[in-house]
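Residues per chain, in single letters:
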Amino acid sequence: MLPAIAALCGLLFGSFLNVVIGRLPAGGSIASPPSHCPACGRRLRAWENIPVISWLALRGRCATCKSPISARYILVELATGALFALAAAEFGASAVTVGACALSAFAIVTLFVDIDHLLILDAVTVPAAVIALVVSLVTGRIVDSLEGAAVGAVLFGVIYISTRGAGLGFGDVKLAACLGLYLGLAGSIAAFAAAFIIGAVLALPVLATRRRRAKDVLPLGPFLVLGGLIVTFAPALVFGPYQAYQWFLYRHLGGG
Ligand SMILES: [Zn+2]
């Protein structure tokens, strides 16, 4: 029952994340103006704002001007719903679930904003870090979280300084530290390793086929957040929710 409720919350929250992804980088208000068609500007009716269902009912087109509505909208909603449900199934009714849901939401926003604008916004990273700190305090794993943040800050800070900001941006350093707060020491190291592996696998074909100029920057944020999501959720998918929860307790609370 809990995962189903979480999935529904995730779908609705995913709708909100679409607004954040679309408006935050431009510095626009998230609250106003109300949802409208990006092509013709017509304000959406209530039934056109239902996650996933509206997009399917309209067959991915605006009801008035018939311009296509990006499939990304339902992708974001479905991904948020799925991750919230997974968090609830994995961690039950606990503060850990809140942390995993927060991480999922921030990961989705970071992923798409970084792909679109090569930007990692403090307006996303700072609230994400605050929630991670609160969850760590509540679950009694603040030391592990701070160790994770330190590893992220040092590892990516060294790359940032040694490449003089050419290899990655300072936003990536802050994002790595923020992920460290969520994942703890062992989790961060695993997530950063996963990020580098995913980055290498996905970037090599691009680098091989397209000659990128030295100034071109490949966004690192998406790989980092994917690494973080894998570390958070893969144990449940591989071992099942109960074992993952046991593993989580063992890792963070020293057995139990
Ligand atoms: Zn329209």
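See the structure printed just above.
Note that the coordinates shown come from a computational prediction; the quantities given were computed from them, not determined experimentally. (Residues numbered from 1 in each chain as written. Predicted model: local features only at pLDDT ≥ 70, side-chain atom pairs only at ≥ 80, totals over all residues. Heavy atoms only, no water.)

A word on helix H3 (residues 72–91)
Given 3.6 residues per turn, any residue in an α-helix points the same way as the ones three and four places further on.
And step 1. Compared with an ideal rise of 1.5 Å per residue, which puts 20 residues at 28 Å, H3 spans 28 Å between its outermost C-alpha atoms and is within 8% of the ideal.
And step 2. Gly 92 lies just past H3 and shows a positive phi near 65°. (Helix = DSSP H or I, 4+ residues; strand = E, 2+ residues; numbered from the N terminus. Expected span 1.5 Å × (residues − 1).)

Observations concerning the layout of surface pockets
And step 1. Quantified by volume, the largest pocket comes out at close to 610 Å³.
And step 2. If you trace the largest pocket, you find 26 residues lining it, with Ser 35, His 36, Leu 44, Asn 49 and Tyr 73 closest to the centre.
And step 3. Looking at the lining of the largest pocket, the elements with two or more residues in it are helix H1 (2–23), helix H2 (53–57) and H3.
And step 4. Looking at which element gives the most residues to the lining of the largest pocket, the answer is H1, with six residues. (1 Å grid on protein atoms, 1.4 Å probe; cavity = no way out; pocket = protein on both sides within 12 Å on 5 of 7 lines; lining within 4 Å. Points joined across faces, edges and corners; volume = space filled by probe spheres on them.)

With respect to the coordination of the zinc ion
And step 1. On the protein side, the zinc ion has Cys 37 (SG), Cys 40 (SG), Cys 62 (SG) and Cys 65 (SG) as donor atoms, found 2.3 Å from it.
And step 2. Note that the zinc ion binds four donor atoms; their angles at the metal cover 106 to 115°, and the shape is tetrahedral.
And step 3. The motif formed by the donor residues of the zinc ion, counted along the single chain, is C-x2-C-x21-C-x2-C. Of this pair, Cys 40 sits in the loop between H1 and H2 while Cys 65 sits in the loop between H2 and H3, placing them 25 residues apart in sequence.
And step 4. Residue classification places Cys 40 among the partly exposed positions, given a relative accessible area of 36%.
And step 5. The exposure class of Cys 65 is partly exposed, given its relative accessible area of 31%. (Donors = N, O, S within 2.8 Å, 3.2 Å for Na, K, Ca; no water. Tetrahedral: all angles 85-135°; square planar, octahedral: opposite > 155°, others 65-115°. Buried < 20%, exposed > 50% of the residue type's maximum accessible area, 1.4 Å probe, protein only.)

Quick word on the pattern of salt bridges
And step 1. Following the criterion strictly, the structure yields four salt bridges and no others.
And step 2. Between Glu 48 and Arg 45 there is a salt bridge whose closest N-O contact spans 3.7 Å.
And step 3. Given the relative accessible area of 7%, Glu 48 is considered buried.
And step 4. Since its relative accessible area comes to 40%, Arg 45 is described here as partly exposed.
And step 5. Measuring nitrogen to oxygen at the nearest pair gives 2.8 Å for the salt bridge that ties Lys 174 to Asp 122. Of this pair, Lys 174 sits in helix H7 (residues 170–209) while Asp 122 sits in helix H5 (residues 122–139); the two residues are 52 residues apart in sequence, bridging distant segments of the chain.
And step 6. In this structure Asp 122 comes out as partly exposed when scored by relative accessible area, which is 39%. (Salt bridge = Lys/Arg side-chain N within 4 Å of Asp/Glu carboxyl O.)

Some details on empty space enclosed by the protein
And step 1. One pass over the full model with this rule turns up two cavities of 30 Å³ or more.
And step 2. In this structure, the second largest cavity encloses a volume near 70 Å³.
And step 3. If you trace the second largest cavity, you find it lined by Leu 103, Phe 106, Ala 107, Thr 110, Val 124, Thr 125, Ala 128, Leu 175, Cys 178, Leu 179, Tyr 182 and Val 225.
And step 4. Where the lining of the second largest cavity is concerned, the elements lending two or more residues are helix H4 (95–117), H5 and H7.
And step 5. Here the lining of the second largest cavity is built from residues that sort into ten nonpolar, two polar and no charged. (Nonpolar A, V, L, I, M, F, W, Y, C, P; charged D, E, K, R; others polar.)

Observations regarding the nonpolar core
And step 1. Judged by nonpolar contacts, the single largest core of 52 residues is most densely connected at Ile 21, Ile 108, Val 109, Phe 156, Tyr 182, Leu 183 and Leu 224.
And step 2. Those elements giving two or more residues to this core turn out to be H1, H3, H4, H5, helix H6 (142–162), H7 and helix H8 (221–239).
And step 3. The leading source of residues in this core is H4, at 13 residues.
And step 4. Built from parts of two domains, this core gets at least three residues from each of domain 1 (1–93) and domain 2 (118–256).
And step 5. In this view, Ile 108 contacts Leu 17, Ile 21, Val 76, Ala 79, Thr 80 and Leu 83; residues no more than four positions away in its chain are not counted. (Core = buried A, V, L, I, M, F, W, Y, C linked by side-chain atoms within 4.5 Å. Domains from an automatic or database assignment. Contact = heavy atoms within 4.5 Å.)

Points about the packing of H4 against H5
And step 1. Put simply, H4 and H5 touch, their axes get as near as 9 Å, and they point 165° apart. As judged from the angle between their axes, H4 and H5 are roughly antiparallel. Helix-helix and strand crossings are classified by hand; for H4 and H5 the assignment is left-handed. For the pair H4 and H5, the contacting residues are Ala 95, Val 96, Gly 99, Ala 102, Phe 106, Val 109 and Thr 110 in the first and Val 124, Pro 127, Ala 128, Ile 131, Val 135, Val 138 and Thr 139 in the second.
And step 2. Tallied by class, residues from the contact of H4 with H5 come to eleven nonpolar, three polar and no charged. (Axes fitted to C-alpha atoms, helices over the stretch in contact; angles between N-to-C directions. Parallel < 35°, antiparallel > 145°, perpendicular 65-115°, else oblique. Left-handed = near helix turned anticlockwise from the far one by under 90°.)

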